[in-house]
Amino acid sequence: MSVRILSADQMRWADMTTTEAGISGFELMDRAGRAVADAVLDYMPDFGRVVIVIGPGNNGGDGFAAARYLRSRRIPVTLVMLVPLDTLGGDTLMHAELAREAGAKLRDASSDRCFAELNRWLLRAVMVVDAMFGTGLTRPLSGRLAKAVAQINQADRPVLSIDIASGLNADSGEVMGDAVKADFTLPVAAYKWGYWMGVGPEFSGRLLPASAIGVEDETLCRAWAAVPDPSVSKGSTVLRSACFIHSDMIGQAWPKRHRLSHKGNFGRVWIFGGSAGFTGAPRLASLGALAAGAGLVSVVCPDDVYPVVASGSLETMVHSQSSGAWMREGDGLIDQADAIVAGPGWGCAQTTLLARLLDVDRPLLLDADALNMIAADAALQSRVSERDSLTVLTPHPGEAARLLSCTVDDIQSDRKKAVLKLCKRYACWVVLKGNETLIASPQGDVMLNPSGSPQLAVAGSGDVLAGMLGRQLAVCYRNDTDVGMMLGAGVGLHGEAGEQNGWYLAGELAGMVAGLRQGIERKHGD
Ligand SMILES: NC(=O)C1=CN([C@@H]2O[C@H](COP(=O)(O)OP(=O)(O)OC[C@H]3O[C@@H](n4cnc5c(N)ncnc54)[C@H](O)[C@@H]3O)[C@@H](O)[C@H]2O)[C@H](O)CC1
Ligand SMILES: [K+]
């Protein structure tokens, strides 16, 4: 299964490259149609008529091809054409003819008189297939096409959209005029950004696995270099690759534990955080690290909150900031750290210590107040971008806006652009949190996390994530594991834990993470 995410132009390039390599457009359409028919058979609620609404481009061609495959399974099919048959392209026309020969009923809704029938046809359907527009939508829907979308949405039948819900911009996830509210979207060949950007998630329904129609993975990978991503701007890293976080990636991060393992095998994470009124944050981060499987967790907090943090932390070692032993030149305990997390609940008066941590030759994750201090201090900014060791920033949109001196709206209106700008500006890994968290490497490899739930919008869930990712970085340091895979798996598992029922406190979220993580480790033993 492909997990690549492409822009509409990149997909067109990959499509063209594939046809030049010898697979005809007719054949690609045929394979897409077969995948659509298989998905309809999987999800149609009852045996009955399938109505396929056909638009002016190749998306409609996929719809005609699907009709023929459905007919071969004896499914009654009505094809409703919103444009005259003689305006369709050659491959699409051939598929239209084959669908008719296979027994599909063709209905012309391209004139006002015939369009009036659309509603009646829709109401006869057990399922509607939306083959109006795919990646070729270039302007807002209007007239009959917009009315057709409104009627599909009102008909209250399960809708499967081919490639993307018609009316949704495949790159930005914006609604162009109006858009079909799909129950299922079947991506053709690869995933499109529009499912997750903007309001895309509200229109895409359940995303099915992308249909493999014969576009080689190698071709999909070359598309990023061949066609610039629309988010690329002067101040951003060039997008080099894009995929979403999937269960295989999450599985790789937690192999079976060896029978003779001991706590030293699983990473030592050091967490710097806490201040008066914010004593829970470093504790939640330490729970996150332990939940993700860290062997040893240490917390360093300011002296005034030391008694509170230490008394609430049974499973971690807690040091007060001025005790000194932890950072003594030559034999400081921090030399044992495999990764450092700085920021949860720290307050903004820690610039001196933060500057020292930036000099420590260990993977360093900067979260919360560490990010706010960096945003306000040009000297710290240079030290971040000049660091040789692995550095990861984990801003939420507000922190990202401060780091880029822009507004939260600027960040949210194009999150991909924002994450790539942060990479360029700070020359490090960035995890831009929020609905559909994005991770980007300094080289421009972007990962999108499709899992998660509004339940995660709760105090402390970000602290849990910071600790989890601290553990992931500790494993990278100890075992030289792939950083993207480890960060992706951490973010993915946090999202999956958030989807579970049975928790409402961030500390309980950590429990959910631990349960899922243990399940993965044990599964590797089966
Ligand atoms: N990914 C692949 O390898 C393959 C994808 N296929 C499918 O083809 C579509 C993309 O086809 P394309 O013809 O480029 O685009 P559309 O079907 O979306 O239609 C574009 C068509 O419509 C016109 N148009 C654009 N906007 C409007 C508007 N608002 N109102 C009216 N008309 C509009 C535009 O001028 C074009 O003529 C992809 O999504 C897949 O479903 C292939 O079948 C197989 C290979
Ligand atoms: K569509």
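Residues numbered from 1 in each chain as written. Chains lettered and ligands numbered in written order. Predicted model: local features only at pLDDT ≥ 70, side-chain atom pairs only at ≥ 80, totals over all residues. Heavy atoms only, no water.

Asks: Looking at this model, I keep getting lost on the packing of helix α11 (residues 280-291) against helix α21 (residues 506-523). Mind explaining?
Replies: Helix-helix packing is characterised by the crossing angle of the two axes and by the distance between the axes. Running from N to C, α11 and α21 cross one another at 10°; their axes reach a closest spacing of 8 Å. Relative to α21, the element α11 is oriented roughly parallel. Residue-level contacts link Leu284, Leu287, Gly288, Leu290 and Ala291 of α11 to Ala506, Gly507, Ala510, Val513, Ala514 and Arg517 of α21. Classifying every residue of the contact of α11 with α21 gives eight nonpolar, two polar and one charged. (Axes fitted to C-alpha atoms, helices over the stretch in contact; angles between N-to-C directions. Helix = DSSP H or I, 4+ residues; strand = E, 2+ residues; numbered from the N terminus. Parallel < 35°, antiparallel > 145°, perpendicular 65-115°, else oblique. Contact = heavy atoms within 4.5 Å. Nonpolar A, V, L, I, M, F, W, Y, C, P; charged D, E, K, R; others polar.)

Asks: Sorry if this is basic, but what is going on with the packing of aromatic side chains here?
Replies: The geometry of an aromatic ring pair is captured by the separation of the ring centres together with the interplanar angle, meaning the angle of the planes. Within this structure, the stated rule accounts for eight aromatic pairs. For the ring pair Tyr191 and Phe244, a centre distance of 4.6 Å and an interplane angle of 75° mean the geometry is edge-to-face. Taken as a pair, Tyr191 in strand β8 (residues 191-192) and Phe244 in strand β10 (residues 241-244) lie far apart in primary sequence, 53 residues in all. By the burial criterion, Tyr191 is buried, and Phe244 matches it. On the numbers, 5.5 Å between centres and 75° between planes, the contact of Tyr195 with Trp196 is edge-to-face. Neither residue differs from the other here; Tyr195 and Trp196 are each classed as buried. Grouping aromatic residues by their ring pairs yields a cluster made of Tyr191, Tyr195, Trp196 and Phe244. Against the face of Tyr69 rests Arg68, its NZ or CZ located 4.8 Å from the ring centre. Note that Lys181 overlies the ring of Phe203, its terminal NZ or CZ placed 5.0 Å from the centroid. (Phe/Tyr/Trp six-rings, centres within 6.5 Å; stacked < 30°, edge-to-face > 60°. Buried < 20%, exposed > 50% of the residue type's maximum accessible area, 1.4 Å probe, protein only. Lys NZ or Arg CZ within 6 Å of the ring centre and 35° of its normal.)

Asks: What exactly am I supposed to notice about the UniProt feature "domain: YjeF N-terminal" (unreviewed entry) in the protein here?
Replies: When the UniProt feature table is mapped onto this chain numbering, "domain: YjeF N-terminal" (unreviewed entry) sits at residues 11-221. Along residues 11-221 one finds 42% helix and 14% strand; the C-alpha atoms at either end are 11 Å apart. (UniProt positions renumbered as here; feature names shortened; annotations may be inferred.)

Asks: Sorry, what's going on with helix α7 (residues 143-155) here?
Replies: Here α7 is 13 residues long and its end C-alpha atoms lie 18 Å apart, about the 18 Å a rise of 1.5 Å per residue gives. By the burial criterion, the buried members of α7 are Ala146, Ala148, Val149, Gln151, Ile152 and Ala155. Among the residues trailing α7, Asp156 stands out with phi positive, at a value near 60°. (Expected span 1.5 Å × (residues − 1).)

Asks: Help me out: how do you make sense of the UniProt feature "binding site: K(+)" (unreviewed entry) in the protein in this one?
Replies: UniProt tags Asn59, Asp130 and Ser166 as "binding site: K(+)" (unreviewed entry). Of the residues just listed, which span 108 residues, no C-alpha pair is farther apart than 9.5 Å, and they cluster in one region. Examined against the element boundaries, Asp130 turns out to sit in strand β5 (residues 127-131). Of the residues examined, Asp130 reaches a relative accessible area of 0% and is grouped as buried. Setting aside residues no more than four positions away along its own chain, Asp130 makes contact with Val53, Asn59, Val159, Leu160, Ser161, Ile162, Ile164, Ala165, Ser166 and Val180. Secondary-structure assignment places Ser166 in the loop between β6 (159-162) and β7 (184-186). Not counting residues up to four positions away in its chain, the partners in contact with Ser166 are Asp130, Met132, Phe133, Val149, Ser161, Asp178, Ala179 and Val180. Here Asp130 takes part through its side chain, which lies 2.4 Å from a polar atom of the side chain of Ser166. (Polar contact = N/O pair within 3.5 Å; in protein donor to acceptor, adjacent residues only side chain to side chain.)

Asks: Would you mind going over the coordination of the potassium ion (ligand 2) with me for this structure?
Replies: Six octahedral donors around a metal ideally make angles of 90 or 180 degrees; four tetrahedral donors ideally make 109.5 degrees. Those donors, Asn59 (OD1), Asp130 (O), Phe133 (O), Ile162 (O), Ile164 (O) and Ser166 (OG), are the protein atoms that reach the potassium ion (ligand 2), and they lie 2.6 to 3.1 Å from it. Coordination at the potassium ion (ligand 2) comes from six donor atoms whose angles at the metal span 66 to 166°, giving a geometry best classed as irregular. Mapped onto the polypeptide sequence, the residues donating to the potassium ion (ligand 2) form the spacing pattern N-x70-D-x2-F-x28-I-x1-I-x1-S. Of the two residues, Phe133 sits in the loop between β5 and α7 while Ser166 sits in the loop between β6 and β7, which places them 33 residues apart along the sequence. By relative accessible area, Phe133 is classed as buried at 12%. Taking the relative accessible area as the measure of exposure, Ser166 reaches 0% and is therefore buried. (Donors = N, O, S within 2.8 Å, 3.2 Å for Na, K, Ca; no water. Tetrahedral: all angles 85-135°; square planar, octahedral: opposite > 155°, others 65-115°.)

Asks: Would you mind showing me how to read the side chain of Ser161 here?
Replies: With respect to the helices and strands, the residue Ser161 is situated in strand β6. Note on Ser161: relative accessible area 0%, which makes it buried. Look past the residues within four positions of Ser161 in its chain and what remains in contact with it is Asp130, Ser166, Val180, Ala182, Phe184, Thr185 and Leu186.

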